[in-house]
Amino acid sequence: MRTFGLVGWSGSGKTTLMVKLLPELIGRGVSVSTMKHTHHDVDIDQPGKDSYEHRRAGAREVMLASGSRWSLVHELGQESEPDLDSLVDLMTPVDLLLVEGFKRQEHDKIEVHRPALGQELLCRQDRNVVAVASDAPLPDVTLPVLDLNDVGGIADFIMEHCGLKAAGNHG
C-alpha cells in the first residue's frame, strides 16, 4: 500500500483537493482510502446513543456495525497519540492511502499553498514535501509546482510518484 499526503495550513484547500482527487484516482482504477489528522477532540458518537453510553461506561473499544458500514472507536486513555505508521497498520490495504494532515510525519506529501493567505511555505522546513500545489506561481520554489486547479495533473503526479498504473482504458 502506498501512502501519500496532503499538507498545508488551515484554509489552504487540503480537504477540497482531497475530495476532488478521490473520484479522479478511483476513475483511473486506483483503490483509495483516506486518513485525516485533526487537532480537535473528535467524537463521532452522540450523547444518549448506545455506543456512546458503552464508551462512557468504560469500554476501551466500541464497534458500530450495520449492513452498509462499520466503525471502530478506540479510546486512548493514558496512551499517547499513535503515529502514522501504527494507524496505517490498522487499515485494510488498498493501492493508495491518501493522508490529510500529519504534517510532522515522515511520508511523501504535496503541500497545498495559497500565497494570498500569507503563510510560510512548509516545504522550506519539510524534506518530505515532494511538490507544491498552488493557485499562483511560486518562482522561488525549486520543487515541482502544480496548478492547484488542475486535479488531473495532480493525480498524474501522485500516480507517477507512487508508481501506480491506471487500470483499463483510463488515463
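For the structure given in this document, a descriptive report is provided here. (Residues numbered from 1 in each chain as written. Predicted model: local features only at pLDDT ≥ 70, side-chain atom pairs only at ≥ 80, totals over all residues. Heavy atoms only, no water.)

Looking at a nonpolar patch on the surface
Here is the rule: The patches described consist of residues with a relative accessible area above 30% and no salt bridge, like charges being joined within 9 Å and nonpolar side chains (Val, Leu, Ile, Met, Phe, Trp, Tyr) within 5 Å. Residue burial considers only the protein chains on display, and all accessible areas are found by Shrake-Rupley using a 1.4 Å probe. We count a salt bridge whenever a side-chain nitrogen from Lys or Arg sits within 4 Å of a carboxyl oxygen from Asp or Glu. A helix here means a DSSP run of H or I that spans at least four residues, while a strand means a run of E at least two residues long, and both kinds are numbered starting from the N terminus.
A contiguous nonpolar patch, built from Met 63, Trp 70 and Leu 72 and spanning about 360 Å² of accessible area, is present on the exposed surface. Note that Met 63 resides in strand β3 (residues 61-65).

Points about the side chain of His 107
We count it as follows: Only protein chains enter the area calculation, which uses a 1.4 Å probe; residues under 20% of their type maximum are buried, those over 50% are exposed, and those in between are partly exposed. Contacts are assigned to residue pairs with any non-hydrogen atoms lying within 4.5 Å of each other.
Within the secondary structure, His 107 is located in the loop between β5 (96-100) and β6 (109-113). The class for His 107 is buried, based on a relative accessible area of 6%. Discounting residues that sit within four places of it in the chain, His 107 has contacts with Phe 4, Gly 5, Leu 84, Val 99, Gly 101, Phe 102 and Asn 128.

A few points about the environment of Val 7
With respect to the element layout, Val 7 can be found in strand β1 (residues 2-7). Judged by its relative accessible area of 1%, Val 7 is buried. Remark: the alpha-carbon pair of Val 7 and Met 91, spanning 84 residues in sequence, is separated by 20 Å. Non-local contacts of Val 7, meaning those with residues more than four positions away in its chain, are made with Lys 14, Gly 101, Lys 103, Lys 109, Ile 110, Glu 111, Val 112, Leu 122 and Val 129.

Side note on the packing of helix α1 (residues 14-26) against helix α4 (residues 151-162)
Packed helices, taken two at a time, are described by the angle their axes make and the gap between the axes. Applicable threshold: To obtain each axis, a line is fitted to C-alpha atoms, and for helices this fit is confined to the stretch in contact; angles are then taken between N-to-C directions over 0 to 180 degrees. Just so you know how the angles are binned, under 35 degrees is roughly parallel, over 145 roughly antiparallel, 65 to 115 roughly perpendicular, and the rest oblique. Ten residue types, Ala, Val, Leu, Ile, Met, Phe, Trp, Tyr, Cys and Pro, are classed as nonpolar, four, Asp, Glu, Lys and Arg, as charged, and the remainder, Gly among them, as polar.
Here α1 crosses α4 at 70°, and the two axes come no closer than 10 Å. With respect to α4, the axis of α1 lies roughly perpendicular. Facing Leu 17, Lys 20, Leu 21, Glu 24 and Leu 25 of α1, the residues of α4 in contact are Val 151, Gly 152, Ile 154, Ala 155, Ile 158 and Met 159. A per-class count over the contact of α1 with α4 returns 8 nonpolar, 1 polar and 2 charged.

Quick word on the nonpolar core
Note the threshold: Each nonpolar core is a collection of buried residues, namely Ala, Val, Leu, Ile, Met, Phe, Trp, Tyr and Cys, held together in the definition by side-chain atoms within 4.5 Å.
Among the nonpolar cores identified, the biggest contains 25 residues, and Phe 4, Leu 21, Leu 25, Leu 96 and Ile 110 are the most heavily contacted of them. Elements supplying a minimum of two residues to this core: β1, α1, β5, β6, β7 (129-134) and α4. Top contributing element to this core by residue count: α4, with 7 residues. Sequence-distant contacts of Leu 25, that is, excluding residues within four places in its chain, are made with Val 30, Val 32, Leu 96, Leu 98, Ala 155 and Met 159. Val 7, Val 129, Leu 138 and Val 141 belong to the second largest nonpolar core, which has 8 residues in total.

Focus: the pairing of β5
If a strand is regular, its side chains alternate between the two faces of the sheet. Applied cut-off: Any two strands are treated as partners once DSSP identifies two or more bridges connecting them.
Judged by how many residues are buried, β5 sits mostly within the fold: 5 of 5 residues are covered. Covered by surrounding structure in β5 are Leu 96, Leu 98 and Glu 100 together with Leu 97 and Val 99, the residues of both alternating faces. The pairing of β1 with β5 spans 5 bridges and is classified as parallel. Each residue of the ladder has a partner; that of Thr 3, found in β5, is Leu 97. With 5 bridges joining them, strand β2 (residues 32-36) and β5 adopt parallel strand pairing. The residue bridging Lys 36 from the neighbouring strand is Glu 100, located in β5.

Observations concerning the packing of aromatic side chains
This is how it is decided: Working definition: rings of Phe, Tyr and Trp (its six-membered ring) pair if their centres are within 6.5 Å, and the pair is stacked with planes under 30 degrees apart, edge-to-face with planes over 60 apart, and tilted otherwise. Throughout this description, the term charge over a ring refers to an Arg CZ or Lys NZ atom that lies within 6 Å of the ring centre and within 35 degrees of the ring normal.
By the definition in use, this model includes 0 aromatic pairs. In this structure, Lys 103 is placed above the aromatic ring of Trp 9, and the distance from its NZ or CZ to the ring centre is 4.4 Å.

Some points on the sheet that holds β1
Across the sheet, which stays open at both edges, the 6 strands sit in the order β2-β5-β1-β6-β7-β8 with parallel pairing between neighbours. Taken across any chain shown, the strands that pair with only one partner, and hence form the sheet edges, are β2 and β8 (145-147). When the angles between neighbouring strand axes are averaged without regard to direction, this sheet yields 25°. Lying on the sheet, α1 is in contact with β1, β2, β5 and β6; it crosses β5 at an angle near 170°. Its contacts with the sheet put α4 on β1, β5, β6, β7 and β8, and the angle it makes with β1 is roughly 140°.

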